[in-house]
Amino acid sequence: MSAHPAPTARTRITIDDVAREAGVSKATVSRVLNRRGELMSPELAARVQEAITRLGYAPSPMAQALKRGRSRLIGLVVADVANPFSVAVMQGAERVCRAAGYMLMLYNLAGDEGREREAITALASYQVEGFILHTLGRERQVLDDALQRNKPIVLVDRALDAPLDLVGLDNAQAVPLALDHLLQQGWNELLFVTEPIQSATSREERRAAFTAYTSAQAAQCRGQGVEVPAGDDATLDAALRALLQRAGDDARRPAVLAVNAVVGLRIAAAAKCLGCTLGRELGLVTFDETDWAPLVGPGITTLAQPTDDIGQQAARCLIERLENPGQATQPRRFRLPARLLARGSSQREG
């Protein structure tokens, strides 16, 4: 029977508890835990191990990692987990981290740019070894804070003004893929709808690719763009009415390319309020494949991003930097292609 009462079930077992239970010092317990029991008698090592087993003591992985100078934690900052893109990237990154023996710590900005610096500070307090950043990218000081910590950083989707690895979609490939499809289906009065561009480089790239395409194909189509803030239904409604008016005046066929799935769903709802049937009076293609895309109206045509691959590649890039800290290489850019999933919203009826 133990000479000392065992801690209650509600109390976290500590190395002090084990030392008291075995009647030894904390240093002796530590030697056993760190597999240095050969420095003591077999009987003493066995007594410590019995106390560990009897109390059910489990050392803190974080404490052990920090003693070795490694936390094996990777910090992931995402713009908004309400966006399917963020969730899919997180899942891909987590899979690679787990296989390589790292743990992923998530910080969700929830679309609030004011939390970006807080995210870096919070994750750094847990001694993360590096950062994967899918940020809103609007405050230079946030990036400076991250860089000053001298930890590897990989950017996802949105480039920032710094020599860092970047993994994202090949927007220069994706936009023409969507617009070629719309032209082939007979839609030739085109509108690009995006949330405010600000410093989101992925939105900038998509708008630039849209403008370049419609300019090059001016003989076949016309194109305009509009920025619609979240919750601003009036601006979206006015933009769609103007699109329909322009098309009607010149007997053209109107269609919209949405910058992401969130905007695409808003457009589908606004079109319904205007009495437009997708695929008939209005064409629609949106970035990002979602579970609900096949279920809305006749099904929404999407540009499916390889989000899982983007997350995996970002994690691989960061782990390569962590495992080869002395290897000086130039910043890398990984641009992955989109796939077009055609559905009724863009395949014109009759």
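Data block above holds the structure.
Note that the coordinates shown come from a computational prediction; the quantities given were computed from them, not determined experimentally.

### Some details on the overall build of the chain
At step 1: If you tally the helices and strands in the chain, you get 12 helices and 12 strands.
At step 2: Considering the chain as a whole, with its 350 residues, one finds that 47% of them fall into the buried category.
At step 3: In the chain, of all internal contacts separated by at least 6 residues, the share reaching a separation of at least 24 is 70%.
At step 4: Carbon and sulfur atoms make up 51% of the accessible area of the chain, which amounts to about 16800 Å² in all.

### Things to note about the packing of aromatic side chains
At step 1: All chains considered together, the criterion is met by one aromatic pair.
At step 2: A cation sits over an aromatic face here: Arg-72 above Tyr-102, 4.1 Å from the ring centre.
At step 3: One cation-aromatic arrangement involves Arg-206 over Phe-287; the distance from NZ or CZ to the ring centre is 4.0 Å.

### Some points on unusual backbone geometry
At step 1: One non-glycine residue with positive phi stands out, namely Asp-157, at about 75°.
At step 2: For Asp-157, a relative accessible area of 6% translates into the label buried.

### Here we look at the sheet that holds strand E10 (residues 301–304)
At step 1: Strand order in the open sheet made by the six strands is E7-E6-E8-E9-E10-E12, with mixed pairing throughout. This sheet does not close on itself; its edge strands, each paired only once, are strand E7 (222–227) and strand E12 (339–341). Looking at each pair of strands side by side, their axes are set apart by 20° on average, direction ignored.
At step 2: Where E10 and E12 come together, three bridges link them in antiparallel fashion.

### Considering the environment of Glu-116
At step 1: Looking at the element boundaries, Glu-116 is found in helix H6 (residues 116–125).
At step 2: As for Glu-116 and Thr-135, which are separated by 19 residues in sequence, their C-alpha atoms are 7.3 Å apart.

### Overview of the pairing of strand E8 (residues 254–258)
At step 1: A large share of E8 lies buried, amounting to five of its five residues.
At step 2: What you see with E8 is no split at all: Pro-254, Val-256 and Ala-258 on one side and Ala-255 and Leu-257 on the other are buried throughout.
At step 3: Pairing of strand E6 (residues 189–194) with E8, which is carried by five bridges, proceeds in the parallel orientation. Counted as the bridge partner of Leu-191 is Val-256 from E8.
At step 4: The sheet contact formed by E8 and strand E9 (residues 283–287) spans four bridges and is parallel.

### Concerning the nonpolar core
At step 1: In this structure, Val-193, Val-256, Leu-257 and Ile-267 are the most contacted members of the largest nonpolar core, which totals 42 residues.
At step 2: Among the elements that line this core, the one with the most residues is helix H8 (residues 171–184), at six residues.
At step 3: Leaving out residues up to four positions away in the same chain, Val-256 has contacts with Leu-191, Val-193, Leu-240, Leu-243, Ile-267, Leu-282, Gly-283, Leu-284 and Val-285.

### Regarding the pattern of salt bridges
At step 1: What the rule picks out here adds up to 19 salt bridges.
At step 2: Among the ionic pairs, Lys-26 bridges to Asp-16, the shortest N-O distance being 3.7 Å. Here the residue Lys-26 occupies a position in helix H2 (residues 26–33), and Asp-16 occupies one in helix H1 (residues 15–22), the gap between them amounting to 10 residues.
At step 3: Residue classification places Lys-26 among the partly exposed positions, given a relative accessible area of 44%.
At step 4: When salt bridges that share partners are traced, they join Glu-189, Arg-222, Arg-246, Asp-250 and Arg-252 into one network.

### With respect to the side chain of Arg-206
At step 1: With respect to the helices, strands and loops of the structure, Arg-206 is situated in helix H9 (residues 201–216).
At step 2: One buried charge, Arg-206, has no salt-bridge partner; the nearest side chain with opposite charge is Asp-157, at 4.1 Å.
At step 3: Beyond its immediate chain neighbours, meaning those up to four positions away, Arg-206 contacts Asp-157, Leu-169, Asn-171, Val-175, Phe-192, Val-259, Phe-287 and Gln-305.

### Focus: the sheet that holds strand E4 (residues 153–156)
At step 1: Taken in spatial order, the six strands line up as E2-E1-E3-E4-E5-E11 in an open sheet, and their pairing is parallel. The open sheet has two edge strands, strand E2 (103–108) and strand E11 (333–336), and neither has a second partner. Between one strand axis and the next, the sheet turns through 15° on average, direction left out of account.
At step 2: The sheet contact formed by strand E3 (residues 130–134) and E4 spans three bridges and is parallel. Its bridge partner being in E4, Ile-132 is matched across the sheet by Val-154.
At step 3: This element, helix H5 (residues 84–99), spans strand E1 (73–78), E2, E3 and E4 of the sheet and lies at about 160° to E2.

### Overview of the packing of helix H10 (residues 233–249) against helix H11 (residues 261–273)
At step 1: Remark: H10 packs on H11, axes separated minimally by 10 Å, with the N-to-C direction vectors making an angle of 65°. Classified by the interaxial angle, the pair formed by H10 and H11 is roughly perpendicular. The handedness of the crossing between H10 and H11 is right-handed. Of the residues in H11, those in contact with Asp-233, Leu-236 and Leu-240 of H10 are Arg-266, Ile-267, Ala-270 and Ala-271.

### Side note on the environment of Gly-279
At step 1: With respect to the secondary-structure elements, Gly-279 resides in the loop between H11 and E9.
At step 2: Given the relative accessible area of 0%, Gly-279 is considered buried.

Rules and cut-offs
- Residues numbered from 1 in each chain as written.
- Predicted model: local features only at pLDDT ≥ 70, side-chain atom pairs only at ≥ 80, totals over all residues.
- Heavy atoms only, no water.
- Helix = DSSP H or I, 4+ residues; strand = E, 2+ residues; numbered from the N terminus.
- Buried < 20%, exposed > 50% of the residue type's maximum accessible area, 1.4 Å probe, protein only.
- Contact = heavy atoms within 4.5 Å.
- Areas by Shrake-Rupley, 256 points an atom, 1.4 Å probe, with all protein chains shown as cover.
- Phe/Tyr/Trp six-rings, centres within 6.5 Å; stacked < 30°, edge-to-face > 60°.
- Lys NZ or Arg CZ within 6 Å of the ring centre and 35° of its normal.
- Pairing = 2+ DSSP bridges.
- Axes fitted to C-alpha atoms, helices over the stretch in contact; angles between N-to-C directions.
- Core = buried A, V, L, I, M, F, W, Y, C linked by side-chain atoms within 4.5 Å.
- Salt bridge = Lys/Arg side-chain N within 4 Å of Asp/Glu carboxyl O.
- Lys, Arg positive; Asp, Glu negative; His and termini not counted.
- Parallel < 35°, antiparallel > 145°, perpendicular 65-115°, else oblique.
- Left-handed = near helix turned anticlockwise from the far one by under 90°.

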